[in-house]
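# Structure at a glance
Okay, here's what each chain looks like letter by letter:
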Number of protein chains: 4
Amino acid sequence: MAEPFIYHRRVDFFETDMAGIAHFSNFFRWMEAAEAALLRHLGIPMTDSDGMTDYGWPRVRASAEYHDAIRFGDELELRLWVRAIKVKAVEYEVKAYVMGEGEPRHAASGKMTTVYVCKPTTGGPMKSLALTPAILDKLAPLADDVIS
Amino acid sequence: MAEPFIYHRRVDFFETDMAGIAHFSNFFRWMEAAEAALLRHLGIPMTDSDGMTDYGWPRVRASAEYHDAIRFGDELELRLWVRAIKVKAVEYEVKAYVMGEGEPRHAASGKMTTVYVCKPTTGGPMKSLALTPAILDKLAPLADDVIS
Amino acid sequence: MAEPFIYHRRVDFFETDMAGIAHFSNFFRWMEAAEAALLRHLGIPMTDSDGMTDYGWPRVRASAEYHDAIRFGDELELRLWVRAIKVKAVEYEVKAYVMGEGEPRHAASGKMTTVYVCKPTTGGPMKSLALTPAILDKLAPLADDVIS
Amino acid sequence: MAEPFIYHRRVDFFETDMAGIAHFSNFFRWMEAAEAALLRHLGIPMTDSDGMTDYGWPRVRASAEYHDAIRFGDELELRLWVRAIKVKAVEYEVKAYVMGEGEPRHAASGKMTTVYVCKPTTGGPMKSLALTPAILDKLAPLADDVIS
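Quick caveat, the model's predicted, so the values are computed rather than measured.

Rules of the game
Residues numbered from 1 in each chain as written. Chains lettered and ligands numbered in written order. Predicted model: local features only at pLDDT ≥ 70, side-chain atom pairs only at ≥ 80, totals over all residues. Heavy atoms only, no water. Contact = heavy atoms within 4.5 Å. Buried area = accessible area lost by both parts, 1.4 Å probe. Salt bridge = Lys/Arg side-chain N within 4 Å of Asp/Glu carboxyl O. Helix = DSSP H or I, 4+ residues; strand = E, 2+ residues; numbered from the N terminus. Nonpolar A, V, L, I, M, F, W, Y, C, P; charged D, E, K, R; others polar. Pairing = 2+ DSSP bridges. Axes fitted to C-alpha atoms, helices over the stretch in contact; angles between N-to-C directions. Parallel < 35°, antiparallel > 145°, perpendicular 65-115°, else oblique. Least-squares fit on C-alpha atoms with pLDDT ≥ 70 in both. Polar contact = N/O pair within 3.5 Å; in protein donor to acceptor, adjacent residues only side chain to side chain.

Looking now at the interface of chain B and chain A. Taken residue by residue, the interface counts 22 residues in chain B and 22 residues in chain A. In this assembly, chain B packs against chain A so that about 1900 Å² is buried in total across both faces, 58% of it on carbon and sulfur atoms. When residues of chain B are sorted by the area they lose upon contact with chain A, F24, F28 and R29 of chain B head the list and together hold 26% of the total. In this assembly, chain B and chain A are joined by 0 salt bridges. When contributions to the side of chain B that touches chain A are tallied by element, the ones reaching two or more residues are helix 1 (25-42) and strand 4 (59-66) of chain B. At 8 residues, the largest contribution of residues to the side of chain B that touches chain A is made by strand 4 of chain B. Counted by class, the side of chain B that touches chain A contains 11 nonpolar, 5 polar and 6 charged residues. Both strand 4 (residues 59-66) of chain A and strand 4 of chain B contribute to a ladder of 5 bridges, which runs antiparallel. Opposite S63 of chain A, over in strand 4 of chain B, you have S63 of chain B as the bridge partner.

Residue and element names in this part refer to chain D. Read from one edge of the open sheet, 4 strands run 2-3-8-9, paired in antiparallel fashion. Two strands bound the open sheet, and with one partner strand each, they are strand 2 (48-49) and strand 9 (127-128). Bridge count for strand 8 (residues 117-120) against strand 9 is 2 bridges, and the pairing is antiparallel. Its bridge partner lying in strand 9, V117 is registered against S128.

Let us look at the packing of helix 1 (residues 25-42) of chain C against helix 1 (residues 25-42) of chain D. When two helices pack together, their arrangement is given by the angle between the helix axes and by the axis-to-axis distance. Where helix 1 of chain C contacts helix 1 of chain D, the axes come no closer than 8 Å and their chain directions differ by 175 degrees. In this view, helix 1 of chain C runs roughly antiparallel relative to helix 1 of chain D, as classed from their interaxial angle. The segment helix 1 of chain C lies against helix 1 of chain D, with S25, N26, F28 and R29 of chain C engaging S25, N26, F28 and R29 of chain D. Of the residues belonging to the contact of helix 1 of chain C with helix 1 of chain D, the class tally is 2 nonpolar, 4 polar and 2 charged.

Of the two same-sequence chains, chain C is brought onto chain D (RMSD 0.0 Å, axial shift 0.0 Å) by a rotation of 180 degrees. Each copy turns onto its partner about a two-fold axis. The C-alpha atom lying nearest the rotation axis in chain C is that of S63 of chain C; the distance is 2.0 Å.

Take the sheet that holds strand 6 (residues 89-99) of chain A next. Hydrogen bonding along the main chain pairs the strands of a sheet, whether they run parallel or antiparallel. Across the sheet, 10 strands lie side by side as 1(A)-5(A)-6(A)-7(A)-4(A)-4(B)-7(B)-6(B)-5(B)-1(B); this open sheet has antiparallel pairing. Of all the strands in the sheet, the pair left with one neighbour each is strand 1 (5-10) of chain A together with strand 1 (5-10) of chain B. In this sheet, adjacent strand axes meet at a mean angle of 20 degrees when their direction is disregarded. Of the strands in this sheet, strand 4 of chain A together with strand 1, strand 4, strand 5 (75-85), strand 6 (89-99) and strand 7 (105-115) of chain B touch helix 1 of chain B, which is tilted by about 130 degrees from strand 1 of chain B.

Once that is clear, we can look at the interface of chain C and chain D. Of the residues lining the interface, 21 residues belong to chain C; the matching set on chain D comes to 21 residues. Contact between chain C and chain D buries roughly 1900 Å² in total, counting both sides, with carbon and sulfur atoms accounting for 58%. Applying the counting rule to chain C against chain D returns 0 salt bridges. For the pair chain C and chain D, the interface holds 8 residue pairs in polar contact (both at pLDDT 80 or more). Going through the elements one at a time, helix 1 and strand 4 (59-66) of chain C are the ones with two or more residues in the side of chain C that touches chain D. With 8 residues, strand 4 of chain C is the largest single contributor of residues to the side of chain C that touches chain D. Considered class by class, the residues forming the side of chain C that touches chain D number 10 nonpolar, 5 polar and 6 charged.

This part is about the side chain of T113 of chain D. With respect to the helices, strands and loops of the structure, T113 of chain D is situated in strand 7 (residues 105-115). If near-sequence neighbours (up to four positions away) are discounted, T113 of chain D is found in contact with P58, R59, V60, R61, A89, V90 and E91 of chain D.

As structure tokens, then:
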């Protein structure tokens, strides 16, 4: 199993809710932020346009399990794995740890499947696309599994 | 299969992202809003406190699949089913439809498992609790399955 | 002084923070939602595109004062006034009231100035535009002041 | 004029809207995040509780002016000044700069007034409080003006 990509992030006050903990929906945002950090690191654009066609990575599936509370000010370590690369899609797994003085505390686990798509810049429906060789070259070395 | 609880909601501008569609994380917020509308309808508090103990319904699991784009201004119909009631937890399923002149367009599907918990009002860890008879009386008639 | 445009909205759980009240930033989102409801009511698009040029209403200025707490589940009445129409801009004022059994409780007041802009659909800088006669015809009757 | 406190932050994808830029409401969240970073740096808790009474810093006033677009992936530098310390309140000013290869680009300016408050942990209304000597000792050296 490949090493995870590591992304750190501190929990903001506006991310908490009246139960006193981070609202569960934020974990989905943090998973996407971890993916964005990975793509930036690899030089793969999260969104792109050549003026005729726009390219992007919408999610078709996302899930999470919450093991423990995440609170305001917590320093999170998000560990991101590229679990599978398919012809037109990428499957990620993310685990969130709360960092502190002792052992990192595993607080949440999740998965996301993103699809590579294009659409006309002037509007119109999205169409899924095969990952380009340039994307595959950068992403495949991190993947547990490449299905082509 | 029981009839779903229906909750309507219009997509806000701030819920869109630069891809021109509603950000995927909002569907998790709308699922929770549909649950809150159901609990309000049934007279079950989403959060409660007797000054000593606080009660609430954190999520332990949530997932979604995205079938089609949801856009700014779309009138959404969220259909919520109580799929199962367990001793300390409730399992919901939600489907989001975009309403318009023709047939409603099925845009997303999701599931959430919430757990009934309490914690001391003055702080301390959350503890899961058996659903009370008052909650069961109100929620069980809507449930496909009650496991006790 | 013209009558305000009225827009209702219930406070969501995800809009609260760990202080137990709605996070202050949401009032800016609700002001924009009230503006969007007004524009929809008048038939003025909040965003538009002819495939060559995109049109929109970014904010250049926004401010708020908070008088009283707004909580989860509160039914809000947002009262929106078109305070001034300028050649390329509109100035709004919004007051938020929490509705209940007695007198509505005035909880927040704010102002926003939006500018009418266009930009090439294929990307490029935004440019401010004079409000069109079609927009003026619809918006001016609600305005306290029209400066042309 | 005192030196500003510096806080960096990268713009997330979920912070953009369909106009292709960061939604204006996020600047209010970033201003609060800059304040939280300052208070953390100084050892002043953003929220606190002794089990009987909760302490916090709600905003009574906030405003912003937007000079230029802020986009996904932009590295922001938020410069925070403590403009005035009053008996029970603090006035902040924040300027947001987009960092890049050339000169930082000044994109937004804002102000916030926070009030120091307490409320019973078991619920009840908030009450404003005089800043404690411990808070004053830490915050006053950064302030342009202290009004006591």
